[in-house]
Amino acid sequence: MVSATISAAALRHNLGVIRKRAPASKIMAVVKANAYGHGVAAVAKALEGADSFAVARIEEGLTLRQTGITQPIALLEGVFDRDQLGVAASANFELLVHTHEQIELLRRAPDLAPQGGKFVVWLKLDTGMNRLGFKPAEFLQARAALKILGNVEQPVRLFTHMANADTPEHPGTLEQIKIFDTVTNGLAGQQSIANSASLFAFGQAQRDWVRPGLALYGVSPFGDSIGPDHGLKPVMTLASRIIALKTLEPGEHVGYGSIWSARRRTRLAIAAVGYGDGYPRNVLSATPVLVQERRVPLIGRVSMDMIGIDVTDLDGCDTGEPVILWGEGLPVEKIASCAGTIPYELLCGISQRVGVQVA
Ligand SMILES: *Cc1c(COP(=O)(O)O)cnc(C)c1O
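Each value, and the rule that gives it
All chains use their own residue numbering, which begins from 1 and follows the written sequence. Per-residue local features are limited, in this predicted model, to residues with pLDDT of at least 70; the limit for side-chain atom pairs, both in listing and counting, is 80 or more; totals at the level of whole chains, interfaces and linings are taken over all residues. Note that the side-chain values use all heavy atoms of the structure and ignore hydrogens as well as water. Numbering goes from the N terminus for both helices and strands, where a helix is a DSSP run of H or I of at least four residues and a strand is a run of E of at least two. Burial classes: relative accessible area under 20% of the type maximum marks a residue as buried, over 50% as exposed, and values in between as partly exposed (1.4 Å probe, protein chains only). Contact between two residues is taken to exist if any of their heavy atoms lie within 4.5 Å; hydrogens are not considered. All accessible-area figures derive from a Shrake-Rupley calculation using a 1.4 Å probe, and residue coverage is judged against the displayed protein chains alone. The charge count includes Lys and Arg as positive and Asp and Glu as negative, but it does not include His or the ends of the chains. All charge positions are set by atom: Lys at NZ, Arg at CZ, Asp at CG, Glu at CD. Any Lys or Arg side-chain nitrogen located within 4 Å of an Asp or Glu carboxyl oxygen qualifies as a salt bridge. We call a pair of cysteine sulfur atoms a disulfide whenever their separation is within 2.5 Å. The arc in question is traced by the directions running from the helix axis to the C-beta atoms. In this text, near means that some heavy atom of the residue lies within 4 Å of the molecule or strand in question. Polar contact is the term for a pair of N or O atoms within 3.5 Å; when the atoms are in protein, one must be able to donate a hydrogen and the other to accept it, and sequence-neighboring residues count only if both atoms are side-chain atoms. Each residue is assigned to one class: nonpolar for Ala, Val, Leu, Ile, Met, Phe, Trp, Tyr, Cys and Pro, charged for Asp, Glu, Lys and Arg, and polar for all the others, Gly among them. Side-chain rings of Phe, Tyr and Trp, where Trp is taken by its six-membered ring, are said to pair if the distance between their centres is within 6.5 Å; with planes under 30 degrees apart they count as stacked, over 60 as edge-to-face, and otherwise as tilted. The split into domains, and so the bounds of each, comes from an automatic or database assignment of domains. Note on definitions: buried area is the accessible-area loss of two parts on being combined, 1.4 Å probe, summed for both. Working convention: axes come from line fits to C-alpha atoms, limited for helices to the stretch in contact. Angles between N-to-C directions cover 0 to 180 degrees. Here the word oblique covers every angle except those under 35 degrees (roughly parallel), over 145 (roughly antiparallel) and from 65 to 115 (roughly perpendicular). Here is the rule for handedness: rotate from the far helix to the near one, and if that takes an anticlockwise turn smaller than a right angle the crossing is left-handed, while a clockwise turn gives right-handed.

**Overview of the overall build of the chain**
Helix and strand content of the chain: eleven helices and 18 strands. Viewed in the frame of its principal axes, the chain has a C-alpha envelope of about 80 × 40 × 35 Å. Here the chain holds 359 residues, and the buried ones make up 52% of them. Sequence separation of at least 24 residues holds for 65% of the intrachain contacts in the chain that already meet a minimum separation of 6. Carbon and sulfur atoms make up 51% of the accessible area of the chain, which amounts to about 15,900 Å² in all. Separation between the mean location of the 35 positive side-chain charges and that of the 34 negative ones in the chain comes to 2 Å.

**With respect to the pattern of salt bridges**
In total, this model carries twelve salt bridges according to the counting rule given. Asp-111 is paired through a salt bridge with Arg-82; the nearest N and O atoms lie 2.7 Å apart. In this pair, Asp-111 sits in the loop between helix H6 (100–107) and strand S6 (121–124) while Arg-82 sits in helix H5 (residues 82–91), placing the two residues 29 residues apart along the sequence. Judged by its relative accessible area of 53%, Asp-111 falls in the exposed class. Classification of Arg-82 as partly exposed rests on a relative accessible area of 39%.

**With respect to unusual backbone geometry**
With an omega dihedral of -10°, the bond running from Gln-154 to Pro-155 counts as a cis peptide bond. If you trace the backbone, Pro-155 turns up in the loop between helix H7 (136–147) and strand S7 (157–159). Its identity as a non-glycine residue notwithstanding, Ala-33 has a phi of 50°, on the positive side. Checked against the element boundaries, Ala-33 lands in helix H2 (residues 32–36). Of note in this structure, Asn-130 is not a glycine but carries a positive phi near 55°. By the element assignment, Asn-130 lies in the loop between S6 and H7.

**A closer look at the state of the cysteines**
Counted by the stated rule, this structure contains zero disulfides. Of all cysteine sulfurs in the structure, the one in Cys-338 sits closest to Cys-348, which takes part in no disulfide; the separation is 19 Å. Take Cys-348: its relative accessible area is 38%, and that puts it in the partly exposed class.

**Structural notes on the environment of Leu-284**
Within the secondary structure, Leu-284 is located in the loop between strand S13 (266–271) and strand S14 (288–291). Each C-alpha atom of the pair Leu-284 and Arg-301 lies 7.8 Å from the other, and the pair is 17 residues apart in sequence. Residue contacts for Leu-284: discarding those within four places in its chain leaves Leu-298 and Cys-338.

**Some points on helix H4 (residues 58–66)**
Turning to H4, its buried residues are Ile-58, Glu-60, Gly-61 and Leu-64. Looking down the long axis of H4, one finds its buried residues gathered within 155° of arc, a one-sided arrangement. Exposed positions of H4 whose direction lies more than 90 degrees from the buried face are Glu-59 and Gln-66. Along its buried surface, H4 packs onto H2, helix H3 (40–46), strand S3 (52–55), strand S4 (73–75), H5 and strand S5 (93–97).

**Details of the site of the ligand**
In the vicinity of the ligand, 13 residues are found, and the nearest of them are Lys-32, Tyr-36, Ser-196, Leu-214 and Tyr-344. One of the side-chain N or O atoms of Asn-195 is found 3.5 Å from an oxygen atom in the ligand. Ser-196 places a polar side-chain atom, nitrogen or oxygen, 2.5 Å from an oxygen atom of the ligand. In isolation the ligand offers 390 Å² of accessible surface; the protein chains occlude 93% of this area. Grouping the constituent residues of the shell around the ligand by class yields seven nonpolar, four polar and two charged.

**Considering the packing of aromatic side chains**
This structure, assessed with the given rule, holds five aromatic pairs. Taken together, a centroid distance of 4.7 Å and an interplanar angle of 25° make the contact between Tyr-36 and Tyr-217 stacked. Residue Tyr-36 is located in helix H2, and its partner Tyr-217 is located in the loop between strand S9 (209–210) and strand S10 (236–248); the two are separated by 181 residues in the primary sequence. In this pair, the class of Tyr-36 matches that of Tyr-217, namely buried.

**Points about the domain arrangement of the chain**
When the parts of a complex come together, some accessible area is lost, and that lost area is often used as the size of the interface. Taken domain by domain, the chain consists of domain 1 (8–230) and domain 2 (236–358). Here the C-alpha centre of domain 2 lies 37 Å away from the C-alpha centre of domain 1. Each side of the interface is counted separately: domain 1 has 13 residues, and domain 2 has eleven residues. Both sides of the domain 1 and domain 2 interface together cover about 1,000 Å² of buried area, and 74% of this is carbon and sulfur. For the domain 1 face of the interface with domain 2, the top three residues by lost area are Tyr-36, His-38 and Val-219, together amounting to 41%. Here domain 1 is connected to domain 2 by zero salt bridges. Across the domain 1-domain 2 interface, the total number found is two residue pairs in polar contact (both at pLDDT 80 or more).

**Side note on the packing of H4 against H5**
Across the interface, H4 lies against H5 with an axial gap of 11 Å and an inter-helix angle of 25°. With respect to each other, H4 and H5 are oriented roughly parallel. Crossing of H4 against H5: the hand is left-handed. Listed contacts from H5 to Ile-58, Leu-62 and Arg-65 of H4 are Gln-84, Val-87, Ala-88 and Ala-91.

Shown next as structure tokens:
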């Protein structure tokens, strides 16, 4: 009943927008978490014009290879044991290296390397996010330790990640870029700094490679705008159907907890979608849904499999009619803000029972 329709044309369009925004950079398309819930196989196919792909986990990389992707694939967290290093060698994955243990793994496995080549390594500098990466004081030593390894391509590439780029006025981004430039000053090696927000807001962060995720899916990386404000087209449309209709008298309630009550005679539609599909439970009454291309309010609590919608103001409404939860005409950014979260979480949270189809 619930479907997530993915527009391959919108994906290609968004890739083109990013190319124009970062014309001197190669594009590493970030397709972790099942391509932000969009379905990694279909997304990677639509994005075959990307220069490389990035995933968080090694299993995700293998799925990409199984779907026939031949471009480079970077593992954004790297590998954590010798078995994974062996898998990365056979699948020809690029490796993030952010701990001494990962350097030690490579040092102890001189026999492991991609066929006919060496590992492409992205050495990660922690410029202030304090998640992954070597501290500035350790970075050069880590680079020197990798320099003498026979299974690592030289020079290693230079990588960092921004903590505040979605808030462009936050001074932290420029500080992080400055730390990156100071520590890597004079070092050879391709560079990558920018996710979607940094590549749109900070031209100086674009470097050799940009790493867009969210923008590829047509979503604004900033809290105060939507994808179309940046020329992007939404890729996912989440839709379901109306399965029941009834009329409520003033004072009657809807759904669990009876949190909503009718102030007027109300035509209520029940649509087959709920938190069991990944629609957020904590949206407030009055969150919009699209019926007949008009925004009408959700009323009452979101159930696992159903929501209530006030369709009183439509000129009639039938069971079977489509309901759009987000997508073209109703930005996922809006629903995320109604749910007190970010679009990333809604997109990644699409559940298994939702049929994903490519249009
Ligand atoms: C997820 C991720 C990205 C993509 O971020 P968006 O905000 O979705 O563009 C880029 N780089 C790294 C290291 C990431 O983990």
